[in-house]
Amino acid sequence: MIKAIVPGSLMICGEHAVVYGQSALVCAVAQYVCVGITKRSDNILRINSALAQYEAPLSALKEEPKLRFVLAAVRRQLPYTGLDMVIESAIDPLLGFGSSAAVTVATLAALSAVRKKEMDNAALHRAAHEVILEIQKRGSGADLAASIWGGMLAYSPPPALSVQSLPLPSLSLSVRYAGYKTPTAEVLATLAAAAEEKPDAYAELYQRMGAVSQAAAHAAAQQNWQLFYQHLNAYQMLMQELGVCDAVQAAHLAAVQDCAAAAKISGSGLGDCIIAFAERTPAQHQAVQIAAQGLRIIRNKYG
């Protein structure tokens, strides 16, 4: 068996603007997806997952919405023999930790390892990004980069892909879930429609957001953490200007104002999570451990 083990991800800074080519900061999260693959002697693909059980011939793969990222990855790296796939995930689906990105990376990496045609990180990112775009139509690929490279990264999206590893922040990271989420694709579509009516205003806002992300990355690279946290707080103000901070998230942000050096929305907004950097994990927050390592491939003697 060959196993690909991939961490989840969490946006630190650069939400929305990164979809339009601006810089972002993202980190890998120490919650993992594992895709294990064993070759079969026939042409059957069998998938064992908590989301769904699946079986079909490789020549006639049927649709299964709960496994759409996995199946899209399989179609792009169609194996020459049948496979048994086992998918295990410890990523909390409620906390926006990039489970779709992680399982896409893990599936592609495991398939390429089975074929003994492993991709380098940039090629794997490109292939995974194509899968995400095929299904979601929009996406920056920042979550994919975190899952592949690990750690905290300064990220610029394709076509000029740039990934820079950064030191890890001085304070503890935590998240608080709003209790609901608006699908990312829905938020992006709403903003895209609004931008069509005011293209210059949105372009200028995204440029300002990108500049703050770049400044935050520079501060992190210099380990000037006080300035880093200031930039994150500045980015939250831009998220409010963009209109993706609702009343619940505003209340959650206000609740940590006195104890956190930085607090902001993580992700597309209108629900989902806020993040905070603080000495101690604030009340009603969940501590998050940044995963220093990204993708790992494990082979047993039968792999």
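Residues numbered from 1 in each chain as written. Predicted model: local features only at pLDDT ≥ 70, side-chain atom pairs only at ≥ 80, totals over all residues. Heavy atoms only, no water.

- Taking an unreviewed UniProt entry as the reference, the chain is identified by name as Mevalonate kinase belonging to Suttonella indologenes.

## Here's the deal with unusual backbone geometry
- Following Pro158, the chain continues to Pro159 via a peptide bond in cis, the omega torsion being 10 degrees.
- Mapped onto the fold, Pro159 is located in the loop between strand 6 (152–156) and strand 7 (162–166).
- Although it is not a glycine, Gln223 sits at a positive phi angle of roughly 55 degrees.
- Summarising the element assignment, Gln223 is placed in the loop between helix 6 (199–221) and helix 7 (225–242).
- Unlike most non-glycine residues, Leu270 shows phi in positive territory, near 55 degrees. (Helix = DSSP H or I, 4+ residues; strand = E, 2+ residues; numbered from the N terminus.)

## A few points about the pairing of strand 1 (residues 2–13)
- The buried fraction of strand 1 amounts to 11 of the 12 residues, a majority that puts the element mostly inside the structure.
- Pairing geometry for strand 1 and strand 2 (residues 24–39), over 11 bridges, is antiparallel. Bridge pairing links Gly8 to Val29 in strand 2.
- In this structure, strand 1 lies alongside strand 12 (residues 296–299), joined through four bridges in antiparallel fashion. Its bridge partner lying in strand 12, Ile2 is registered against Arg299. (Buried < 20%, exposed > 50% of the residue type's maximum accessible area, 1.4 Å probe, protein only. Pairing = 2+ DSSP bridges.)

## What about the domain arrangement of the chain?
- The domains assigned to the chain are domain 1 (2–167 + 291–299) and domain 2 (172–287).
- Listed as interface residues are 28 residues of domain 1 and, on the opposing side, 37 residues of domain 2.
- Taken over both partners, the interface formed by domain 1 and domain 2 buries close to 2400 Å², and the fraction arising from carbon and sulfur atoms is 69%.
- When the area that domain 1 buries against domain 2 is broken down by residue, the three leading residues are Glu15, His16 and Leu95, summing to 24%.
- Linking domain 1 with domain 2 are one salt bridge, by the criterion used here.
- Ionic pairing is found between Glu15 and Lys264, a salt bridge with its closest N-O pair at 2.8 Å.
- Run the count over domain 1 and domain 2 and you get nine residue pairs in polar contact (both at pLDDT 80 or more).
- For the side of domain 1 that touches domain 2, the secondary structure elements donating two or more residues are strand 1, strand 2, strand 6 and strand 7. (Domains from an automatic or database assignment. Contact = heavy atoms within 4.5 Å. Buried area = accessible area lost by both parts, 1.4 Å probe. Salt bridge = Lys/Arg side-chain N within 4 Å of Asp/Glu carboxyl O. Polar contact = N/O pair within 3.5 Å; in protein donor to acceptor, adjacent residues only side chain to side chain.)

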